[in-house]
Amino acid sequence: MPGGRLTQQERQQIALGLADGLAYAEIARRLDRPTSTITREVMRNGGPTGYRADLAHRATERRAHRRKPSAPREQQASAQPYGRDAEAVREFEEVYAVAMMASGMPLMMGRVLACLTISDSGSLTAQELVQRLQVSPASISKAIAFLDSQGMVRRERDERRRERYIVDDEIWYQAMMVSVRSTAQLVETTRQGVDVLGAGTPAAARLEGVARFLDFVSEGMARAAEQARDVLRTSSGPQDAVDPKPDRG
């Protein structure tokens, strides 16, 4: 398996693979590279819809020139609670963010939500997010505003009056209910179009079908979310047995 940095030719193959709709694993197999390498490359350079081989290559060269010497791998790993592998955690965070993007979430919002979700506390400040994701405060602020509007994070002030962004047991339920309510609004608007277009016309019939479908799905989502709500209220058992180091920004 080849090591080292991706070549410009490999990046062109990644771009072609993305254009053909190939999964990261398939692109990685064709290049004889780890899937995590392809995932990280695409994530850092515009995501699956914005990736450009030439731009990615130049950006990587600029990062290499700016990069400061990093702490030894052993030192990085020692900062992880529960004896986790720091590199494995970092790669999973990127893969998790990609999965969120595939579900329709914008790139930076997915990265922020993934970072919050895999932190043991489920709570980070803007400064901690900036340090972990190596992005600007403005990017964090924009991502949090979006996630807040979707009910996927909440804000609190800590003892130092810093604003903290939190994901907890109720966040995914609340986010699901936000989706249900927005779908219900879409159903209502769609049905208004039936009257405008005239009942019995082909276009009105199409809209009525859309409304009935969305209404059925929305009701099912709400019912399932209520039934499964207790699944989110599980205690994290390892905390009873291990006293981990606190999350570090």
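Counting from 1, residues in each chain are numbered in the order their sequence is written. Only residues with pLDDT of 70 or above have their local features reported here, since the model is predicted, and side-chain atom pairs are shown and tallied only from 80 upward, although totals for entire chains, interfaces and linings are computed over all residues. Computation of side-chain values: all heavy atoms of the structure, hydrogens and water removed.

Novice: Summarise the sheet that holds strand β2 (residues 154-157); cite the residues concerned and give the values.
Specialist: Spatially, three strands are ordered β1-β3-β2 in an open sheet, and the strand pairing comes out antiparallel. At either margin of the open sheet sits one strand with a lone partner, and together these are β1 (123-125) and β2. Strand-to-strand twist of the sheet, defined as the mean angle between neighbouring strand axes without regard to direction, takes the value 35°. Strands qualify as paired when DSSP identifies two bridges or more between them. Think of it this way: any DSSP run of H or I at least four residues long counts as a helix, any run of E at least two long counts as a strand, and we number them from the N terminus. One ladder, built from three bridges, connects β1 with strand β3 (residues 163-166); its direction is antiparallel. Along β3, the bridge assignment pairs L124 with Y165. Only the stretch in contact is used when a helix axis is fitted, and all axes are lines through C-alpha atoms; the angle between N-to-C directions ranges over 0 to 180 degrees.

Novice: Talk me through the pattern of salt bridges; I want residue IDs and the actual numbers.
Specialist: Opposite charge on two side chains permits them to pair, given that their charged atoms come into close proximity. Salt-bridge detection follows one rule: a side-chain nitrogen of Lys or Arg within 4 Å of a carboxyl oxygen of Asp or Glu. Scanning the entire structure with this criterion turns up 16 salt bridges. Taking the shortest distance from any N to any O, the salt bridge between D120 and R84 comes out at 2.7 Å. Here the residue D120 occupies a position in the loop between α8 (107-118) and β1, and R84 occupies one in the loop between α6 (73-78) and α7 (86-102), the gap between them amounting to 36 residues. A salt bridge links R229 to E170; its shortest N-O distance comes to 2.5 Å. Taken as a pair, R229 in the loop between α12 (202-228) and α13 (238-241) and E170 in the loop between β3 and α11 (171-197) lie far apart in primary sequence, 59 residues in all. Where salt bridges share partners, they join E128, D158, R162 and R164 into one cluster.

Novice: So what's going on with the confidence of the model for the chain? Residues and values would help.
Specialist: Per-residue confidence for the chain gives a mean pLDDT of 82, with 86% of residues at or over 70. Looking over the chain, one finds the lowest element-wise mean pLDDT in α6, namely 41, and the highest in α12, namely 94. Residue range residues 70-78 is modelled with pLDDT below 50. Its contacts to residues more than four positions away, or to other chains, number eight contacts. Predicted confidence for residues 236-246 stays below pLDDT 50, and this span has eight contacts to residues more than four positions away or in other chains. What pLDDT conveys is the predictor's confidence in a given residue, as a value from 0 to 100. The contact criterion used throughout is that any non-hydrogen atoms of two residues lie within 4.5 Å.

Novice: Outline the packing of α11 against α12, supporting the account with residue identities and numerical values.
Specialist: Remark: α11 packs on α12, axes separated minimally by 8 Å, with the N-to-C direction vectors making an angle of 160°. Taken together, the axes of α11 and α12 lie roughly antiparallel to each other. The handedness of the crossing between α11 and α12 comes out as left-handed. Gly falls in the polar group here, along with every residue not listed as nonpolar (Ala, Val, Leu, Ile, Met, Phe, Trp, Tyr, Cys, Pro) or charged (Asp, Glu, Lys, Arg). Here the residues of the contact of α11 with α12 are counted per class, giving 18 nonpolar, five polar and five charged. Convention used here: angles under 35 degrees read as roughly parallel, angles over 145 as roughly antiparallel, angles from 65 to 115 as roughly perpendicular, and any remaining angle as oblique. Crossings are assigned a handedness: left-handed for a near helix turned anticlockwise from the far helix by less than a right angle, right-handed for a clockwise turn.

Novice: Pulling in residues and values, what's your account of the packing of aromatic side chains?
Specialist: When two rings of Phe, Tyr or Trp (its six-membered ring) have centres within 6.5 Å they constitute a pair, described as stacked for plane angles under 30 degrees, edge-to-face for angles over 60, and tilted for the intermediate range. Inspection of every chain in the model, using the stated rule, returns one aromatic pair. Aromatic side chains F92 and Y96 sit 5.4 Å apart centroid to centroid with 20° between the ring planes, which places their arrangement in the stacked category. In this pair, F92 and Y96 both sit in helix α7, four residues apart, roughly one turn of the helix. The exposure class assigned to F92 is partly exposed, which follows from its relative accessible area of 44%. Two conditions define a charge sitting above a ring: the NZ of Lys or the CZ of Arg must be within 6 Å of the ring centre, and it must be within 35 degrees of the ring normal. Across the ring face of Y173, the terminal group of R229 is positioned such that the distance to the ring centre comes to 3.8 Å. Only protein chains enter the area calculation, which uses a 1.4 Å probe; residues under 20% of their type maximum are buried, those over 50% are exposed, and those in between are partly exposed.

Novice: Tell me what's going on with the pairing of β3, and back it up with residues and numbers.
Specialist: Across four bridges, β2 lies against β3 in antiparallel orientation. Bridge assignment links R155 to a residue of β3, and that residue is Y165.

Novice: Quick rundown of helix α10 (residues 137-149)? Include the residues and the values.
Specialist: Taking 1.5 Å of rise per residue, the 13 residues of α10 would be expected to cover 18 Å, and the 18 Å separating its terminal C-alpha atoms lies within 8% of that figure. Turning to α10, the residues buried within the fold contact α8, α9 (126-133), β2 and β3. Positive phi shows up at G151, right after α10, with a value of about 70°. In this scheme, a helix's expected span is set at 1.5 Å multiplied by one less than its residue total.

Novice: Please set out the side chain of S218 residue by residue, giving values where relevant.
Specialist: Turning to its location among the elements, S218 is positioned in helix α12. Its relative accessible area of 5% is what places S218 among the buried residues. Looking at S218, its side chain comes within polar contact range of the main-chain oxygen of V180, at 3.4 Å. Excluding its chain neighbours within four sequence positions, the residues that come into contact with S218 are V180, T183 and A184. Residues adjacent in sequence count toward polar contacts only when both atoms are side-chain atoms; beyond that, a polar contact is any pair of N or O atoms within 3.5 Å, and within protein one must be able to donate a hydrogen and the other to accept it.

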